[in-house]
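# Summary of structural features
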Amino acid sequence: MLSFHDIVGQDQIKEHLQKAIENHKVSHAYILTGEAGMGRKSLADAFALTLLCEKGGREPCMECHACRQVLSGNHPDLIHVTHEKPNSISVNDIREQINDTMLVRPYSSYYKIYIVDEAEKMTQQAQNALLKTIEEPPSYAVIILLTTNQDLFLPTILSRCVQLKLKPLRDSVVKSYLVQNRKVPEGDAEVYAAFARGNLGKAIALFSSDDFRRLVQAVLGILRHVKDADISELLEDIRRLKEDKLDIQECLDFMQLWYRDILMYKVTRDMNQLIFKDEFRLINEISKNSGYDGLEKILEAIEKAKVRLNANVNMDLTMELLLLVMKEN
């Protein structure tokens, strides 16, 4: 479990929560929205830990009895709401774990905190049950809803909660974290950061994934030989990716990054802006031999291929059309 200080990025949200603690203006209900891996759980945990800390500062001390209880998962005033059904949080889950326990005063802290992960899975009945509690909560109650999609909440829930939306981090921030904290080589960190699109959790998962490393090597092999290899050979390479259970959509995302890199270099001639710095010689050669229009056509063709695959169009046909555009441009 992290303190606010240890969480990378999300400075505005951290400052909002820390000021609320400092000024004794903690709301009864919060919604933290962001895609998986962006730090919703870390922020909720840091907020709960700081609220329950006996020192009462902007950061948890990590040493008092309350902090040790939270860190060991045994604090009686911190409740993580669970649900048995994987795809829904039922009205009984909310009644039994929140409504029926909230009137029992905190055991050892001023606050009693409820964290509901995957809160978008609450049924409408569950949300209505929660609404009654949010409308007239006891002074010590704090409910934190974590979600990837707050649009699934009732408008009445949204109107009674402080809504905090997590933002993607800059690629440079993600890259620095990987290099400094995970000892990832700079060139690799550049690729993971770009591919994760500001999601630190995703970048860490990519770095830890053997599948992604295999995907990178395989797709780079295809991209290096697009001009000189036969279409049938390239299609066979793509089929092997699918047989190896590698995600074809991720392969297309990777190709998109590659051609954006080439286009960026063609425009700026600045090697430092490249994601694939290790492939500079090839990128330089392709940028010389390809026109702006051609590179734009390839990027459009990759986007079309993604749409076609999502619509279940035949993969061989989709990829053959894409490879033809790559070869021609």
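Preceding block: the structure.
Definitions and cut-offs
Residues numbered from 1 in each chain as written. Predicted model: local features only at pLDDT ≥ 70, side-chain atom pairs only at ≥ 80, totals over all residues. Heavy atoms only, no water. Phe/Tyr/Trp six-rings, centres within 6.5 Å; stacked < 30°, edge-to-face > 60°. Buried < 20%, exposed > 50% of the residue type's maximum accessible area, 1.4 Å probe, protein only. Lys NZ or Arg CZ within 6 Å of the ring centre and 35° of its normal. Axes fitted to C-alpha atoms, helices over the stretch in contact; angles between N-to-C directions. Helix = DSSP H or I, 4+ residues; strand = E, 2+ residues; numbered from the N terminus. Parallel < 35°, antiparallel > 145°, perpendicular 65-115°, else oblique. Contact = heavy atoms within 4.5 Å. Nonpolar A, V, L, I, M, F, W, Y, C, P; charged D, E, K, R; others polar. Polar contact = N/O pair within 3.5 Å; in protein donor to acceptor, adjacent residues only side chain to side chain. Salt bridge = Lys/Arg side-chain N within 4 Å of Asp/Glu carboxyl O. Core = buried A, V, L, I, M, F, W, Y, C linked by side-chain atoms within 4.5 Å. Expected span 1.5 Å × (residues − 1). Pairing = 2+ DSSP bridges. Right-handed = clockwise from strand over helix to strand, strands pointing away.

Another aspect to go through is the packing of aromatic side chains. How two aromatic rings sit relative to each other is given by the distance of their centres and the angle of their planes. One pass over the structure, following the stated rule, counts 9 aromatic pairs. For the ring pair Tyr 110 and Tyr 111, a centre distance of 4.9 Å and an interplane angle of 90° mean the geometry is edge-to-face. Since its relative accessible area comes to 53%, Tyr 110 is described here as exposed. Here a set of aromatic residues connected by ring pairs shows up, and it is made of Tyr 192, Phe 195, Phe 207, Phe 212, Phe 254, Trp 258 and Phe 276. Note that Lys 266 overlies the ring of Tyr 292, its terminal NZ or CZ placed 5.2 Å from the centroid.

This part takes up the packing of helix H10 (residues 210-224) against helix H11 (residues 231-243). Relative orientation of the contacting elements H10 and H11 amounts to 170°, with a least axis distance of 10 Å. Classified by the angle between their axes, H10 and H11 sit roughly antiparallel to one another. Each of Ala 218, Val 219 and Ile 222 in H10 lies in contact with H11, whose residues at this interface are Leu 234, Asp 237, Ile 238 and Leu 241. Residues of the contact of H10 with H11, tallied by class, amount to 6 nonpolar, no polar and 1 charged.

With respect to the element layout, Gln 10 can be found in the segment before helix H1 (11-22). A relative accessible area of 9% places Gln 10 in the buried class. Polar contacts involving the side chain of Gln 10 include one to the main-chain carbonyl oxygen of Lys 167, which spans 2.7 Å. Those residues in contact with Gln 10 that lie beyond four places of it in its chain are Met 38, Leu 43, Leu 166, Lys 167 and Leu 169.

Our next topic: the pattern of salt bridges. Applying the stated rule across the entire model yields 19 salt bridges. Arg 58 is paired through a salt bridge with Glu 22; the nearest N and O atoms lie 3.2 Å apart. Taken together, the residues span a long stretch of sequence, with Arg 58 in the loop between helix H2 (40-52) and helix H3 (65-71) and Glu 22 in helix H1 at a distance of 36 residues. You can call Arg 58 partly exposed: its relative accessible area is 27%. Residue classification places Glu 22 among the partly exposed positions, given a relative accessible area of 42%. Asp 211 is the partner of Arg 214 in a salt bridge, and the nearest nitrogen-oxygen pair spans 2.7 Å. Of this pair, Arg 214 and Asp 211 both sit in helix H10, 3 residues apart, roughly one helical turn. A relative accessible area of 37% means that Arg 214 is categorised as partly exposed. On the basis of relative accessible area, Asp 211 is assigned to the partly exposed category, the value being 40%. If you follow the salt bridges from partner to partner, you end up with Glu 15, Lys 19, Glu 22 and Arg 58 in one network.

It is worth spelling out the nonpolar core at this point. By size, the foremost hydrophobic cluster in this structure holds 60 residues, and its most contacted members are Leu 178, Phe 254, Met 255, Trp 258, Tyr 259, Leu 322 and Met 326. Take this core: its biggest share by element is 11 residues, from helix H12 (residues 248-268). Sequence-distant contacts of Trp 258, defined by excluding residues within four places in its chain, comprise Leu 220, Leu 223, Phe 276, Glu 279, Leu 282, Ile 283 and Ile 286. By size, the runner-up hydrophobic cluster in this structure holds 32 residues, among which are Ile 13, Ala 44, Leu 52 and Tyr 111.

Quick look at helix H7 (residues 171-182) now. Here H7 spans 15 Å end to end across 12 residues, near enough to the 16 Å set by a 1.5 Å rise per residue. Packing partners of the buried residues in H7 comprise helix H8 (186-196) and helix H9 (200-207). A positive phi of about 55° marks Lys 183, the residue just after H7.

Let us look at unusual backbone geometry. With a phi close to 65°, Lys 245 is a non-glycine residue in the positive phi region. Its location among the elements puts Lys 245 in the loop between H11 and H12. Unlike most non-glycine residues, Asn 312 shows phi in positive territory, near 65°. Inspection of the secondary structure puts Asn 312 in the loop between helix H14 (292-310) and helix H15 (315-328).

So, on to the pairing of strand S3 (residues 112-116). In terms of burial, S3 is a largely internal element, 5 of the 5 residues being buried. The pairing of strand S2 (residues 78-81) with S3 spans 4 bridges and is classified as parallel. Of the residues in S3, the one forming a bridge with Leu 78 is Ile 113. In this view, the connection linking S2 to its parallel neighbour S3 by way of helix H4 (residues 91-102) has right-handed handedness. When S3 meets strand S4 (residues 141-147), the two strands line up parallel, connected through 5 bridges.

The next subject is the side chain of Thr 33. Within the element layout of this structure, Thr 33 appears in strand S1 (residues 29-33). When its relative accessible area of 5% is taken as the criterion, Thr 33 is described as buried. At 2.6 Å, the side chain of Thr 33 forms a polar contact with the side chain of Gln 150.

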